[in-house]
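Fold and contact review
So the chains spell out like this:
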Amino acid sequence: MKKYRIGQIVPSSNVTMETEIPAIFRSRETILPEQFTFHSSRMRMKKVTKEELEAMDAMSLKCAQELSDAHVDVMGYACLVAIMSMGRGYHCVSEVNLHQETVANDFPTPIVTSAGALINGLKVLGAKQISIITPYMRPLTDKVVDYIEHQGIKVKESIALEIPDNLEVAAQNPLNLLEIYKQLDLTDVDVLVASACVQMPSLEAIDLIQAACGIPVTSAAICTTYEMMKKLNLEAKAPIGGELLSGKY
């Protein structure tokens, strides 16, 4: 049985990254001869504001050093909006900087950012036009939209739930998304991003929404997990719902 250590760089108030991503990997363990353990290092952040996000991002390098000490096989930076609020294309800068920390610590480690993973996942799905649901305030949601569009993917519509408190984001009932998504006009939309945030729970709703709306549905957490699997050279299906694995969650 192959064993892998999954490292996660997590906002201090994030409680979803360490539940949804392990849930997908645990599902994989039931159908394939692989085993995963999960190891986190935290960056201080309580309110989802541009100021707190910038301060938090500065702590990510220290987290990479700490996880590198544990010799994890892959690291995931678990805050999409922190990366996207730093400016267009910043996920490329962040991934290089974090990787360099692991190189300097004598244990080079593949890096995944949830921001970069969402972009890559949408490209894998061939998405030209998408709609997204975010928990962020409207100004931050607009930054996410601009970031995605700068990567060549049109955002037809976006919903901003405008929840500034990060723990309140995590407390949202994922099944509420079954009604929230109906506010969107999905005509000519290739992919629906039901949660463009690794803190807002969505796993329970993804397949249900996909069955109801008839187009591929994904999330930042699903895309992050998919990208981690690819970095580990593990076979994975498309980064949408139950198709990520050879079975269900």
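Below you will find a few notes about this structure.

About the cut-offs
Residues numbered from 1 in each chain as written. Predicted model: local features only at pLDDT ≥ 70, side-chain atom pairs only at ≥ 80, totals over all residues. Heavy atoms only, no water. Core = buried A, V, L, I, M, F, W, Y, C linked by side-chain atoms within 4.5 Å. Buried < 20%, exposed > 50% of the residue type's maximum accessible area, 1.4 Å probe, protein only. Helix = DSSP H or I, 4+ residues; strand = E, 2+ residues; numbered from the N terminus. Domains from an automatic or database assignment. Contact = heavy atoms within 4.5 Å. Axes fitted to C-alpha atoms, helices over the stretch in contact; angles between N-to-C directions. Parallel < 35°, antiparallel > 145°, perpendicular 65-115°, else oblique. Left-handed = near helix turned anticlockwise from the far one by under 90°. Nonpolar A, V, L, I, M, F, W, Y, C, P; charged D, E, K, R; others polar. Salt bridge = Lys/Arg side-chain N within 4 Å of Asp/Glu carboxyl O.

Grouped together as the largest cluster of nonpolar side chains are 82 residues, with contacts concentrated most on Ile 9, Leu 53, Tyr 77, Ile 130 and Ile 148. Counting residues per element, this core draws most heavily on helix H11 (residues 220–231), which supplies seven residues. Built from parts of two domains, this core gets at least three residues from each of domain 1 (3–114 + 222–245) and domain 2 (116–220). Leave out the neighbours within four places in its chain, and Leu 53 touches Met 45, Val 48, Cys 79, Val 81, Ala 82, Ser 85 and Leu 140.

Moving on to the packing of helix H3 (residues 60–69) against helix H5 (residues 90–104). The angle between the axes and the distance between the axes are what describe a pair of packed helices. Relative to each other, H3 and H5 sit at 40 degrees, their axes nearing to 9 Å. Here H3 lies oblique to H5, going by the angle between them. Between H3 and H5 lies a crossing of right-handed hand. Between H3, through Ser 60, Leu 61, Ala 64, Gln 65 and Ser 68, and H5, the contact on the second element is made entirely by Asn 97, Leu 98, Glu 101 and Thr 102. Of the residues contributing to the contact of H3 with H5, the split by class is three nonpolar, five polar and one charged.

Moving on, we get to the pattern of salt bridges. Two side chains that carry opposite charge are able to pair once their charged atoms sit near each other. Applying the stated criterion across every chain yields a total of 10 salt bridges. Glu 66 serves as the salt-bridge partner of Lys 62, at 2.4 Å between the closest nitrogen and oxygen. Here the residue Lys 62 and the residue Glu 66 both occupy positions in helix H3, the gap between them amounting to four residues, near one helical turn. Residue classification places Lys 62 among the exposed residues on the basis of a relative accessible area of 51%. For the salt bridge of Arg 138 with Asp 142, the shortest nitrogen-to-oxygen distance reads 3.0 Å. On the criterion of helical spacing, the pair formed by Arg 138 and Asp 142 is a turn pair, its members being four residues apart in helix H7 (residues 138–150). Owing to a relative accessible area of 40%, Asp 142 belongs among the partly exposed residues under this scheme.

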